[in-house]
Amino acid sequence: MFRTIDISEVEDIKSWIRERLRKSEEVKVLASKYGYREYMIARYYEMLGSWDEVKELLNAFERRLKHSIRCNTLKVKDCRHLVERLEKLGFKLKEVDFWNLAYEVVDEVRSPTLGSTHEFLLGMYYLYRGKASLIPPLILNPQQNDKVADLAAAPGGKTTHLAQLMNNKGVILATEVGRERMRALRNNIERMGVRNTVLMRVDGRAVKYFLKGYFNKVLLDAPCTGEGLIMIDPERKIKTSFEDLMKWHESQVDFLNSAIETLNVGGYILYTTCSIAPEENELVIAKILAKRDDVQVSTLTNTPIELSQGFTEYFGLNLPKDVSRCGRIYPHIHEMEGFFLCLLEKIK
Amino acid sequence: MSIREDKVAKEIKCYFTTYDELLKKTFNALEILVASEVLPKHTVMICEGEFVEAYLINEELKHVIEAILANNRFPYSAGIYVGRLRKSKPYIIPSVDFLTLIYELKREYFKAVKIRDEGLKPFLYGKDVLKASVTECFPPLNNGDVIGVIGNDGYVYGVALSKVSDCNEVLKLNPNDVVATNVFDVGWFLRGETRVKEKKFKV
Ligand SMILES: C[S@@+](CC[C@H](N)C(=O)[O-])C[C@H]1O[C@@H](n2cnc3c(N)ncnc32)[C@H](O)[C@@H]1O
């Protein structure tokens, strides 16, 4: 058994974790069988607690996800009309069980592809590689008069979803730093008929310089390793070294810390990643809680599915117990891409 | 970690102006007249950079943009994208979204041709509209005017330049004669023609 210690007492988390990464035979065998870096497998055991469950996760990462689409009610009055049009083309759709305006594509045709139908070009739907991306906007649940910031916005799946939930009312500031990604974002905004949004090509961390305390809802869908998307991009089994993972961690802490500055008191920020790595998730939240006394972790309401709880212990590091209020989506449990969500409230 | 700043940022200038000013710049484009009537409370924002682009901004968005401009930054786009302004004819190339808005709110002022499915596919590959594919014509059309292109399903699929001076002229054309040349269509981004088309209709 490892000794446990409060995370705030550990100065060098990277070394702490690295020293505790298991190098057992099971780790080696599974890493080689499934083609992963060994440190990833060692972490999965730490996260899940049994080799059987680790294998379930790894097997789930081998299964392809079905595409999902969101019917865009800014353009489509009656979603049955969209379904009919796509079914005429040969697609088979099934309503997503947690939201009736989204559909899983259970059968596809070769041509046209879902990203090139006339319906797509007209902005009647947004195309997702997995359905977990539908969940953050539903949890943030923006209202028509809200002031919303989406600080890492491209290509705009969540921005356009937020605008749809707000019925094109209120205001969204969507920032994105990448040039080509900004083009894609703008194209999606126009294609989907979104008209309540200001797009800005800027580092999202700079928003605090000109709209400090302005927003009542902020989404930070943070840039991350994408360790939840292995079924979509198997490259990610080997792409990120442990050193790089910890660099992501640092920049996520920095981004979230700046993002909180844009919130007004009583406002909420939803921090999400498409990663299952605690380093990019619970450990980021724990660092923020240690740094600041003006935010608290909120219970996730409006959750359309039952989420797994956030970790409060990782490699012997004790995290604040409220971090358990954060939510996790696992491929082997939820049959979606891996995802993390955590809602923070600005309390002063 | 230092915050990345956009170098291009400094070369763009955005400012608020009035419908009257926009009407002057577009030589009284019908679409702008309609917008000033249906969305009178919106402010016009013009951004000048590589292109000159116009937007319609409501009060809430204006507040956010003012904060951005006050910090010597600029928005990339905002609100309702009206289209691109030019110094020569056509003085404005309206966006598909803006044309859709006009089509929804004031159909009687909508200059357009409706085309059958067989013509729609080539149009979405950037091809011109031929007489053979036109099923309906919504006047007034003038040679050189920007018009909407509607599919048989009633959706706006793009923007074209009229080659005819009125709808009756269409009837007199041969099936393969061009009724309108493709300026912009909803397939444009997918085809990856961003740069090419942008250059072609540069101010
Ligand atoms: C996870 S993706 C966002 C996906 C998006 N929210 C969606 O739902 O379509 C993260 C995005 O953040 C952008 N990004 C990275 N660093 C950034 C920064 N400092 N400020 C703003 N955007 C940033 C990346 O280019 C990338 O497009």
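No experiment lies behind these values; they were computed from the predicted model shown.

Definitions and cut-offs
Residues numbered from 1 in each chain as written. Chains lettered and ligands numbered in written order. Predicted model: local features only at pLDDT ≥ 70, side-chain atom pairs only at ≥ 80, totals over all residues. Heavy atoms only, no water. Core = buried A, V, L, I, M, F, W, Y, C linked by side-chain atoms within 4.5 Å. Buried < 20%, exposed > 50% of the residue type's maximum accessible area, 1.4 Å probe, protein only. Helix = DSSP H or I, 4+ residues; strand = E, 2+ residues; numbered from the N terminus. Contact = heavy atoms within 4.5 Å. Near = heavy atom within 4 Å. Polar contact = N/O pair within 3.5 Å; in protein donor to acceptor, adjacent residues only side chain to side chain. Areas by Shrake-Rupley, 256 points an atom, 1.4 Å probe, with all protein chains shown as cover. Nonpolar A, V, L, I, M, F, W, Y, C, P; charged D, E, K, R; others polar. Pairing = 2+ DSSP bridges. Axes fitted to C-alpha atoms, helices over the stretch in contact; angles between N-to-C directions. Phe/Tyr/Trp six-rings, centres within 6.5 Å; stacked < 30°, edge-to-face > 60°. Lys NZ or Arg CZ within 6 Å of the ring centre and 35° of its normal. Domains from an automatic or database assignment. Buried area = accessible area lost by both parts, 1.4 Å probe. Salt bridge = Lys/Arg side-chain N within 4 Å of Asp/Glu carboxyl O. Parallel < 35°, antiparallel > 145°, perpendicular 65-115°, else oblique. Left-handed = near helix turned anticlockwise from the far one by under 90°.

1. A few points about the nonpolar core
Alright, step 1. Counting residues in hydrophobic clusters, the biggest one holds 69 residues, and the most contacted among them are Ile 69 of chain A together with Ile 32, Leu 56, Phe 98, Val 113 and Val 129 of chain B.
Alright, step 2. Of all the elements, helix α4 (residues 96–105) of chain B adds the most residues to this core, at 6 residues.
Alright, step 3. For Phe 98 of chain B, the contacting residues outside a window of four places in its chain are Glu 31, Ile 32, Ala 35, Leu 56, Ile 80, Tyr 81 and Val 82 of chain B.
Alright, step 4. Judged by nonpolar contacts, the second largest core, of 49 residues, contains Leu 151, Phe 215 and Leu 344 of chain A together with Leu 61 of chain B.

2. Notes on the site of the ligand
Alright, step 1. Around the ligand there are 19 residues in total, and Lys 158, Glu 176, Arg 181, Gly 204 and Asp 221 of chain A lie nearest to it.
Alright, step 2. More than one chain approaches the ligand, the contributing ones being chains A and B.
Alright, step 3. Taking Asp 221 of chain A, its side chain carries an N or O atom lying 2.7 Å from a nitrogen atom of the ligand.
Alright, step 4. Within the complex, 86% of the 610 Å² of free accessible area of the ligand lies under protein.
Alright, step 5. For the shell around the ligand, the class distribution of residues is 10 nonpolar, 3 polar and 6 charged.

3. Some points on the sheet that holds strand β11 (residues 156–162) of chain B
All names here are of chain B.
Alright, step 1. Overall, mixed pairing links the 6 strands, which are arranged β8-β12-β11-β10-β7-β9 in an open sheet. Edge strands, defined here as strands with exactly one partner in the open sheet, are β8 (129–130) and β9 (134–138).
Alright, step 2. In the sheet, β11 pairs with strand β12 (residues 178–185) via 5 bridges, with the strands oriented antiparallel. Within β12, the residue paired with Ala 160 across the bridge is Asn 182.
Alright, step 3. This element, helix α5 (residues 117–124), spans β7 (112–115), β8, β10 (146–151), β11 and β12 of the sheet and lies at about 80° to β11.

4. Overview of the packing of aromatic side chains
Alright, step 1. Taken as a whole and assessed by the stated rule, the structure comprises 11 aromatic pairs over all chains.
Alright, step 2. Their ring planes at 85° and their centres at 6.2 Å tell us that Tyr 36 of chain A and Tyr 44 of chain A sit as a pair that is edge-to-face.
Alright, step 3. Given the relative accessible area of 5%, Tyr 36 of chain A is considered buried.
Alright, step 4. Geometrically, the ring pair formed by Tyr 126 of chain A and Tyr 128 of chain A is tilted, given 5.0 Å between the ring centres and 55° between the ring planes.
Alright, step 5. For Tyr 128 of chain A, a relative accessible area of 4% puts it in the buried group.
Alright, step 6. The ring centre of Phe 120 of chain A lies 3.8 Å from the NZ or CZ of Arg 191 of chain A, which sits over that ring.
Alright, step 7. Over the face of the ring belonging to Phe 16 of chain B we find Lys 62 of chain B, whose NZ or CZ atom lies 5.3 Å from the ring centre.

5. Let's talk about the side chain of Lys 106 of chain B
Residues and elements named next belong to chain B.
Alright, step 1. Relative to the assigned elements, Lys 106 resides in the loop between α4 and β7.
Alright, step 2. Judged by its relative accessible area of 18%, Lys 106 is buried.
Alright, step 3. Among all residues touching Lys 106, those that are not within four sequence positions of it are Val 34, Glu 37 and Val 38.

6. A closer look at the domain arrangement of chain B
Residues and elements named next belong to chain B.
Alright, step 1. With domains assigned, chain B is organised as domain 1 (2–101) and domain 2 (109–191).
Alright, step 2. Relative placement of domain 1 and domain 2: their C-alpha centres are 26 Å apart.
Alright, step 3. On the side of domain 2, 16 residues touch domain 1, which itself brings 11 residues to the contact.
Alright, step 4. The largest contributions to the domain 1 side of the interface with domain 2 come from Leu 30, Val 96 and Leu 99, which together make up 48% of the buried area.
Alright, step 5. Summed over the shared surface of domain 1 and domain 2, the number is 1 salt bridge.
Alright, step 6. Across the salt bridge formed by Lys 111 and Glu 31, the nearest N and O atoms sit 3.9 Å from each other.
Alright, step 7. Of all the secondary structure elements, the ones that give two or more residues to the side of domain 1 that touches domain 2 are α2 (30–38), β6 (92–94) and α4.

7. Observations regarding the packing of helix α3 (residues 38–48) of chain A against helix α4 (residues 51–62) of chain A
Residue and element names in this part refer to chain A.
Alright, step 1. Where α3 meets α4, the closest approach of the two axes is 8 Å, and the angle between their N-to-C directions is 120°. Relative to α4, α3 is oriented oblique. The way α3 lies across α4 gives a crossing that is right-handed. Counted together, Ile 41, Tyr 44, Tyr 45 and Leu 48 of α3 and Trp 51, Glu 53, Val 54, Leu 57, Leu 58 and Phe 61 of α4 form the full contact between these two elements.
Alright, step 2. Grouping the constituent residues of the contact of α3 with α4 by class yields 9 nonpolar, no polar and 1 charged.

8. Remarks on the domain arrangement of chain A
Residues and elements named next belong to chain A.
Alright, step 1. According to the domain assignment, chain A contains domain 1 (68–128) and domain 2 (132–346).
Alright, step 2. One C-alpha centre belongs to domain 1, the other to domain 2; they are set 25 Å apart.
Alright, step 3. Listed as interface residues are 17 residues of domain 1 and, on the opposing side, 22 residues of domain 2.
Alright, step 4. Around 1,600 Å² of area is buried between domain 1 and domain 2 when both sides are counted, 66% of it from carbon and sulfur atoms.
Alright, step 5. In terms of surface lost to domain 2, no three residues of domain 1 exceed Leu 74, Phe 98 and Tyr 126, which account for 46% of the buried area on that side.
Alright, step 6. At the junction of domain 1 with domain 2, the criterion picks out 0 salt bridges.
Alright, step 7. Our count for the contact surface shared by domain 1 and domain 2 stands at 10 residue pairs in polar contact (both at pLDDT 80 or more).

9. What to know about the interface of chain B and chain A
Alright, step 1. Each partner contributes residues to the interface: chain B has 42 residues there, and chain A has 39 residues.
Alright, step 2. At the boundary of chain B with chain A, total buried surface from both sides reaches about 3,800 Å², with 60% on carbon and sulfur atoms.
Alright, step 3. Taken together, the connections running from chain B to chain A amount to 3 salt bridges.
Alright, step 4. A salt bridge links Glu 53 of chain B to Arg 186 of chain A, with the shortest nitrogen-to-oxygen separation between them at 3.4 Å.
Alright, step 5. The interface formed by chain B and chain A contains 7 residue pairs in polar contact (both at pLDDT 80 or more).
Alright, step 6. Elements represented by at least two residues in the side of chain B that touches chain A include exactly β3 (52–57), α3 (59–70), β4 (77–78), β5 (80–85), α4, α5, β11 and α7 (194–200) of chain B.
Alright, step 7. Looking at which element gives the most residues to the side of chain B that touches chain A, the answer is α3 of chain B, with 7 residues.
Alright, step 8. Here the side of chain B that touches chain A is composed, by residue class, of 24 nonpolar, 7 polar and 11 charged.
Alright, step 9. As defined by bridge partners, strand β8 (residues 197–201) of chain A adjoins β4 of chain B across 2 bridges and the pair is classed as antiparallel. Note that in β4 of chain B the partner of Leu 199 of chain A across the bridge is Ser 77 of chain B.

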